[in-house]
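Chain and residue survey
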There are 2 protein chains.
Amino acid sequence: MTASPWLDDEQQQTWRAWLDVNARLFARISRELQATDGLSLQDYDVLVALTDVPDGSVRMRDLGVKLQWEKSRLSKHLTRMAARGLVARRECYDDRRGSFVELTEEGLAAIRAAAPGHAALVREVFFDGLSGEQVRELGRICATVLERLGDEG
Amino acid sequence: MTASPWLDDEQQQTWRAWLDVNARLFARISRELQATDGLSLQDYDVLVALTDVPDGSVRMRDLGVKLQWEKSRLSKHLTRMAARGLVARRECYDDRRGSFVELTEEGLAAIRAAAPGHAALVREVFFDGLSGEQVRELGRICATVLERLGDEG
DNA sequence: CCGAGATGGTTGACACATCATCTTTGTCGA
DNA sequence: TCGACAAAGATGATGTGTCAACCATCTCGG
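Being a predicted model, the structure only gives us computed values, none of them experimental.

Overview of the relation of the copies chain B and chain A
Once chain B is rotated about the relating axis by 179° and shifted along it by 0.1 Å, it coincides with chain A to within an RMSD of 0.2 Å. The superposition of one copy onto the other is thereby described by a two-fold rotation axis. A share of 100% of interface residues in chain B that are also interface residues in chain A marks the association as one of identical surfaces.

Considerations on the pattern of salt bridges
Within this structure, the stated rule accounts for 28 salt bridges over all chains. Residues E102 of chain A and R90 of chain A are paired through a salt bridge, measuring 2.8 Å at the closest nitrogen-oxygen approach. Highlighted residues: E102 of chain A in strand β3 (residues 99-103) and R90 of chain A in strand β2 (residues 87-91), separated in sequence by 12 residues. Judged by its relative accessible area of 26%, E102 of chain A is partly exposed. Close ionic contact of K66 of chain B with D52 of chain B constitutes a salt bridge, the shortest N to O distance being 3.3 Å.

Thoughts on the interface of chain B and chain A
Contact residues are listed per partner, giving 52 residues for chain B and 53 residues for chain A. Sorting the residues of chain B by area buried against chain A places W15, W18 and R24 of chain B first, and these three jointly supply 13% of that buried surface. At the junction of chain B with chain A, the criterion picks out four salt bridges. Where D52 of chain B meets R16 of chain A, a salt bridge forms, and the shortest distance between an N and an O atom there is 3.9 Å. Those elements that provide at least two residues to the side of chain B that touches chain A are α1 (9-37), α5 (105-125) and α6 (132-149) of chain B. When residues of the side of chain B that touches chain A are assigned to their parent elements, the largest contribution, 15 residues, is made by α1 of chain B.

Topic: helix α6 (residues 132-149) of chain A
With 18 residues, α6 of chain A ought to run about 26 Å at 1.5 Å a step, and its terminal C-alpha atoms sit 26 Å apart, in line with that. Of all the residues in α6 of chain A, the buried ones are Q134, V135, E137, L138, I141, C142, V145, L146 and L149 of chain A. Next to the buried residues of α6 of chain A lie α1, α5 and α6 of chain B. Of the residues flanking the end of α6 of chain A, it is G150 of chain A, one or two places downstream, whose phi is positive at about 85°.

Observations concerning the packing of aromatic side chains
Applying the stated criterion to the full structure yields nine aromatic pairs over all chains. Look at W18 of chain A and W18 of chain B: their rings are 4.7 Å apart centre to centre, the planes differ by 45°, and that puts the pair in the tilted class. Of this pair, W18 of chain A sits in helix α1 (residues 9-37) while W18 of chain B sits in helix α1, placing the two residues on different chains. The same class applies to W18 of chain A and to W18 of chain B, which are both buried. Taken together, a centroid distance of 5.1 Å and an interplanar angle of 65° make the contact between W18 of chain A and F126 of chain B edge-to-face. Within this pair, whereas W18 of chain A is found in helix α1, its partner F126 of chain B is found in the loop between α5 and α6, the two belonging to separate chains. The pair formed by W18 of chain A and F126 of chain B is uniform in burial state, with each residue classed as buried. Through successive ring pairs, a cluster of aromatic residues spans W15, W18, F126 and F127 of chain A together with W15, W18, F126 and F127 of chain B.

Considering the protein's contact with DNA strand D
As a matter of local geometry, DNA strand D sits amid 22 residues, with K76 and R80 of chain A together with R61, S75 and K76 of chain B nearest to it. Looking at DNA strand D alone, sugar and phosphate atoms form 57% of those within 4 Å of the protein. The contact in question runs from a phosphate oxygen of DNA strand D to an N or O atom on the side chain of E70 of chain A, over 3.2 Å. R97 of chain A places a side-chain nitrogen or oxygen 3.3 Å from a base oxygen of DNA strand D. Among the elements that make up the surface near DNA strand D, the one with the highest residue count is helix α4 (residues 71-83) of chain A (five residues). Of the residues in the surface near DNA strand D, the class split is one nonpolar, seven polar and 14 charged.

Details of the packing of α6 of chain A against α1 of chain B
As a packed pair, α6 of chain A and α1 of chain B sit with axes 9 Å apart at the nearest point and diverge in direction by 35°. Once α6 of chain A is placed against α1 of chain B, the crossing between them reads as left-handed. Note on element contacts: α1 of chain B touches α6 of chain A through E10, T14, A17, W18, D20, V21, R24, L25 and R28 of chain B, opposite G132, V135, R136, L138, G139, C142, V145, L146 and L149 of chain A. For the contact of α6 of chain A with α1 of chain B, the per-class residue count stands at 10 nonpolar, three polar and five charged.

Rules used in this analysis
- Residues numbered from 1 in each chain as written.
- Chains lettered and ligands numbered in written order.
- Predicted model: local features only at pLDDT ≥ 70, side-chain atom pairs only at ≥ 80, totals over all residues.
- Heavy atoms only, no water.
- Least-squares fit on C-alpha atoms with pLDDT ≥ 70 in both.
- Contact = heavy atoms within 4.5 Å.
- Salt bridge = Lys/Arg side-chain N within 4 Å of Asp/Glu carboxyl O.
- Helix = DSSP H or I, 4+ residues; strand = E, 2+ residues; numbered from the N terminus.
- Buried < 20%, exposed > 50% of the residue type's maximum accessible area, 1.4 Å probe, protein only.
- Buried area = accessible area lost by both parts, 1.4 Å probe.
- Expected span 1.5 Å × (residues − 1).
- Phe/Tyr/Trp six-rings, centres within 6.5 Å; stacked < 30°, edge-to-face > 60°.
- Near = heavy atom within 4 Å.
- Polar contact = N/O pair within 3.5 Å; in protein donor to acceptor, adjacent residues only side chain to side chain.
- Nonpolar A, V, L, I, M, F, W, Y, C, P; charged D, E, K, R; others polar.
- Axes fitted to C-alpha atoms, helices over the stretch in contact; angles between N-to-C directions.
- Left-handed = near helix turned anticlockwise from the far one by under 90°.

Bear in mind that shape data such as this cannot, by itself, settle questions of function.
Encoded structure:
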């Protein structure tokens with residue numbers, strides 16, 4: 001903290017490239033997913049999280065932890081998804097404050113339809129240009145930064 | 001396209017880590033900037049773009065190209081920023097459809113106040129954990145992906 | 001058992017992004 | 001020069017994220 005706070009040229013350049021890649025990657029994938037499957041990237045994340053558990057049913061609270069979403073964000077997004085029939089809410093009898101979210105038939109169909117195209121796109125724009133060693137290095141880099149960000153985001 | 005569209009385990013893991021890093025990094029930096037300087041990351045980007053030019057005055061159109069923002073996004077954001085006194089609009093006499101945006105004293109003061117802390121935070125959570133070689137490799141990776149994304153985002 | 005505080009979830013106000021559409025103005029070829 | 005088309009920017013509708021406040025319920029120490 002005593003030294004200059006500034007980034008050197010190389011860092012500056014890398015940082016801008018990082019931001020740029022992310023913005024474009026996100027925009028591209030998100031637009032594609034919306035156009036071909038009618039899902040937002042956030043819908044996709046929720047559906048994936050729900051298919052990750054055996055019976056497709058999770059407590060809101062746990063879903064929030066898993067996705068690292070604020071509770072109000074989760075609540076509102078699920079309301080919208082429920083209105084579209086992709087998920088359903090179920091009461092929680094153990095803890096009457098709580099509630100479960102479960103995958104509907106429609107939601108399952110949607111994620112099944114979207115997943116292959118999504119994965120293919122990610123490969124096409126991201127992984128197909130990188131060597132195995134680059135992918136490993138990138139994995140290490142991300143792990144390092146995640147560590148520095150701490151357990152709380 | 002004939003092969004399986006899926007990602008292998010290593011790719012899967014790296015992809016999730018990448019998404020996670022981005023979400024958290026963005027959240028952290030954005031929250032910090034808002035809390036300490038009252039600026040959103042988007043405000044910051046606009047102000048940086050304006051300080052990049054000698055007289056702190058740019059055509060909307062050029063600003064849009066530089067930031068890669070949709071024109072309506074730019075228009076609305078600048079309206080909000082102008083209402084807060086960070087920027088001002090000026091007429092364009094060459095092309096009467098157009099308009100200029102210029103940095104105000106307040107805007108300049110805001111970016112000057114915010115920049116050091118922002119840069120320090122980026123270094124702290126991002127670069128300080130990485131070796132020079134990792135930074136260079138990351139730069140190459142970003143460049144590759146940017147290329148694959150094409151000139152249009 | 002009770003009351004203070006923590007927790008789960010929803011809601012309202014507002015910041016922000018996107019899409020479609022509109023107005024004004026510029027451009028360029030017939 | 002005029003008329004079609006493109007470009008610059010603003011705007012309204014809608015979807016989404018954040019923050020703060022809220023209600024209901026749970027938990028736990030006294």
